[in-house]
Amino acid sequence: MGGATVAIVAVTEDEQVVLARQYRPGPGRVLLELPGGNADGDEPVEVAAARELLEETGYEAATLEVVMQTFLSSYASHRRHAVLARGCRKVAEPRLDDAEFIETVLMPVGAFIQHVLSGQMTDIDVAFAGLAAAGYLKPAM
């Protein structure tokens, strides 16, 4: 089954990453995750990313850029999109669905890199793509 999801590496002007603390049923734990969700129908990926970021965290980005897309798994046609959101600022309170329990957390970029390396999140590949596109990770020479 096809479809598209977005996960957003959202960075504020003072280099804090906007994260969503939420329960994840697979690991059976509360994790600090990237905001994101499903694109609705033919909704463009950037539009879905802006909507999900605002709904889940109350933050809005100055710029949004799709920096990677990949398949959900080797058995799926579903596409996952990594979106880098820069210049994020809080403009509203989160608007969560009844089934969503999300707390917004800000983390300095350096600490976020350590968090990603800890493996305690489900969108590690998207996190690395966003960090690389933002210039926080440098390729080895």
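Residues numbered from 1 in each chain as written. Predicted model: local features only at pLDDT ≥ 70, side-chain atom pairs only at ≥ 80, totals over all residues. Heavy atoms only, no water.

Asker: Before we move on, can you summarise the layout of surface pockets with the specific residues and values?
Answerer: Volume-wise, the largest pocket comes out at about 470 Å³. Q22, R24, G36, G37 and E56 are the residues nearest the centre of the largest pocket, which is lined by 28 residues in total. When residues of the lining of the largest pocket are traced back to their parent elements, those giving at least two are β1 (4–12), β2 (16–24), β4 (36–38), α1 (45–57) and β7 (79–90). Classifying every residue of the lining of the largest pocket gives 11 nonpolar, 8 polar and 9 charged. (1 Å grid on protein atoms, 1.4 Å probe; cavity = no way out; pocket = protein on both sides within 12 Å on 5 of 7 lines; lining within 4 Å. Points joined across faces, edges and corners; volume = space filled by probe spheres on them. Helix = DSSP H or I, 4+ residues; strand = E, 2+ residues; numbered from the N terminus. Nonpolar A, V, L, I, M, F, W, Y, C, P; charged D, E, K, R; others polar.)

Asker: Tell me about unusual backbone geometry, and name the residues and values.
Answerer: Positioned with a positive phi, E15 is a non-glycine residue whose angle comes to about 60°. Looking at where E15 falls in the secondary structure, it is placed in the loop between β1 and β2.

Asker: Lay out α1 with the relevant residues and their values.
Answerer: Between the first and last C-alpha of α1 there are 18 Å, a value that for 13 residues agrees with the 18 Å anticipated at 1.5 Å per step. Every buried residue of α1 is listed here: V45, A48, A49, E52, L53, E55, E56 and T57. Phi turns positive, to about 80°, at G58, one or two residues after α1. (Expected span 1.5 Å × (residues − 1). Buried < 20%, exposed > 50% of the residue type's maximum accessible area, 1.4 Å probe, protein only.)

Asker: How would you explain the side chain of Q16 if you had to name every residue and give the values?
Answerer: Within the fold, Q16 resides in strand β2. Judged by relative accessible area, which is 19%, Q16 ranks as buried. Discounting residues that sit within four places of it in the chain, Q16 has contacts with A10, V11, L106, M107 and P108. (Contact = heavy atoms within 4.5 Å.)

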